[in-house]
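Chain and residue survey
For reference, the chains in residue letters:
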Amino acid sequence: MSDRTELVLRRELDRSVDVTASAGGVALMRYVYRPDEVQYESPRPYVHPVRTLSGRLVTVFRPWDHVWHKGITLALPVVGRDNFWGGPTYTREAGGYVTLPNNGSQDHDRVTVFAQHDDAAAFGHDLTWHRQPAGAQSGASVGDVVFSESRLLTVSIAEGEDAWVLGWRTSLTNASGAPIEMGSPTTEGRENAGYGGLFWRGPRSFTGGAIIASNGVGGEDVRGTRAGWAGFTGRHDGEDAASTVVFADLSPQQNLDTKWFARSEPFACLNPAPFFDRVRIVEPGETVELRYAVAIADHEADADRMSALADAARSASERAEAIASPIVEEVN
């Protein structure tokens, strides 16, 4: 399939980019880089809808139980006193979730990469992470700067597999002028709830699906363990079909202790969480690099196929990054 499938990259100015597969005309993904959600949901770019090469949907957007869950997105719940996840904040002082005026936003600054070549496409942009504005009295539309970010997304066809690959590379630089304690609800006292980072929320029909990790652990037991990759197979309503999503963690070692947040009940999700249960202090001017390759595959998968998909995802994302040349002029 990789020899016959080419990709078409299109952009809606100041809003989003779409990638379509020439074979069958399937719209594989849309990346909304200038969202319009309310402050409570920590507005940030997201990838949705996401479809397999055969056109089956594998993401959900604003589910009623967690309206701040949005397809595939980079979200962090404990960034010092700020919440870049959305919704209420879990605090040790409260011993639970409380609604606070601390929901930050990830705001698009400028496009840096827009390129495609046959079976690969790339889109890059710079962002600024802002605190929630202090209040209506201030007249501020955004709050103080917390991070500056450079982000690159790639889309490529996985060789030898009925799958395509979303590559995600980001560099987060502490621009706040002070140390930032990065953590999770678990570092705040909630057991085995260390979510935060690149997060995928699957469709309702995937509830009860199969989770497998490279460490040999499966099911809900994957949550809180270390592994190079983890995958999820779920079934679709209305048809006798299954799809698989596999995350490969390619982040360099930077005093991170990444563990997986993965659930099959009451909903499907996968998330390599770099601050799962240990606080990591990011010093002023320090940059943290996160890099992932996500295989979006048709059909169900066992451990062997998930391992092959993870390998193919690594190779495909590296190949796609080779076409990501910076654009010469700034484009909003």
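The structure contained in this document is the topic of the report that follows. (Residues numbered from 1 in each chain as written. Predicted model: local features only at pLDDT ≥ 70, side-chain atom pairs only at ≥ 80, totals over all residues. Heavy atoms only, no water.)

1. Digging into the overall build of the chain
- In terms of regular secondary structure, the chain is built from 1 helix and 21 strands.
- Compactness check: the chain gives a C-alpha radius of gyration of 19 Å against a globular reference of 20 Å for 332 residues, within 12% of the reference.
- Counting only C-alpha atoms, the chain reaches 55 × 50 × 35 Å along its principal axes.
- Buried positions account for 56% of the 332 residues belonging to the chain.
- When contacts within the chain are restricted to residue pairs at least 6 apart in sequence, long-range pairs at least 24 apart make up 64% of them.
- Total accessible area on the chain stands at roughly 13,100 Å², and carbon and sulfur atoms take up 47% of it. (Helix = DSSP H or I, 4+ residues; strand = E, 2+ residues; numbered from the N terminus. Rg over C-alpha atoms; globule rule 2.2 N^0.38 Å. Buried < 20%, exposed > 50% of the residue type's maximum accessible area, 1.4 Å probe, protein only. Contact = heavy atoms within 4.5 Å. Areas by Shrake-Rupley, 256 points an atom, 1.4 Å probe, with all protein chains shown as cover.)

2. Things to note about the sheet that holds strand β11 (residues 145–157)
- Strands sit in the order β9-β10-β11-β12-β21-β17-β16-β15 across an open sheet of 8 strands; the sheet is antiparallel. In the strand order of this sheet, the two ends are held by β9 (105–117) and β15 (210–213), each with one partner. Strand-to-strand, the axes of this sheet are offset by a mean angle of 15 degrees, without reference to chain direction. (Pairing = 2+ DSSP bridges. Axes fitted to C-alpha atoms, helices over the stretch in contact; angles between N-to-C directions.)

3. Side note on helix α1 (residues 303–321)
- The end-to-end C-alpha distance of α1 is 27 Å, a good match for the 27 Å that 19 residues give at a rise of 1.5 Å each.
- The N-capping residue of α1, defined by a side-chain oxygen 3.3 Å from the backbone nitrogen of Asp304, is Asp302. (Expected span 1.5 Å × (residues − 1). Polar contact = N/O pair within 3.5 Å; in protein donor to acceptor, adjacent residues only side chain to side chain.)

4. A short note on the side chain of Thr225
- Counting through the fold element by element, Thr225 comes out in the loop between β15 and β16 (229–235).
- A residue is classified by how much of its surface remains accessible, and Thr225, at 19% relative accessible area, is buried.
- Of the polar contacts made by the side chain of Thr225, one reaches the side chain of Asn215; its length is 3.1 Å.
- Here Thr225 is in contact with Asn215, Lys259 and Trp260, once residues within four sequence places are set aside.

5. Concerning unusual backbone geometry
- Cis geometry is found at the peptide bond from His48 to Pro49, where omega equals -5 degrees.
- The omega torsion of the bond from Glu265 to Pro266 falls at 0 degrees, within 30 degrees of zero and hence cis.
- Looking at where Pro266 falls in the secondary structure, it is placed in the loop between β18 (259–263) and β19 (269–273).
- Of note in the backbone geometry, Asn255 takes a positive phi value of approximately 60 degrees without being a glycine.
- The topology assignment puts Asn255 in the loop between β17 (242–249) and β18.
- On the basis of relative accessibility, which here comes to 47%, the residue Asn255 falls in the partly exposed class.

6. Observations concerning the pattern of salt bridges
- The final tally for this structure, using the stated rule, is 23 salt bridges.
- For Arg151, the salt bridge is made with Glu149, and the minimal N-O distance between the two is 2.7 Å. Comparing Arg151 with Glu149, the two get one shared label, buried. (Salt bridge = Lys/Arg side-chain N within 4 Å of Asp/Glu carboxyl O.)

7. Digging into the nonpolar core
- Judged by nonpolar contacts, the single largest core of 57 residues is most densely connected at Met29, Tyr31, Val47, Phe147, Trp164, Leu166 and Trp200.
- Setting aside residues no more than four positions away along its own chain, Trp200 makes contact with Val58, Thr59, Gly71, Ile72, Phe206, Phe232, Val245, Phe247, Ala268, Cys269 and Leu270.
- Counting residues in hydrophobic clusters, the runner-up holds 18 residues, among them Ala158, Val165, Ile212 and Val246. (Core = buried A, V, L, I, M, F, W, Y, C linked by side-chain atoms within 4.5 Å.)

8. A short note on the pairing of strand β12 (residues 163–174)
- The buried count for β12 comes to 9 of 12 residues, which makes it a mostly enclosed element.
- Relative to β12, β11 runs antiparallel, the two being bridged by 11 bridges. For Ser148, the partnering residue across the bridge sits in β12 and is Thr173.
- Linking β11 back to β12 in an antiparallel pair, the connection comprises 5 residues, with Gly160 at a positive phi of about 75 degrees.
- Here 11 bridges tie β12 to strand β21 (residues 287–298), and the two strands are oriented antiparallel to one another. Looking at β21, one finds that Val165 is bridged to Ala295.

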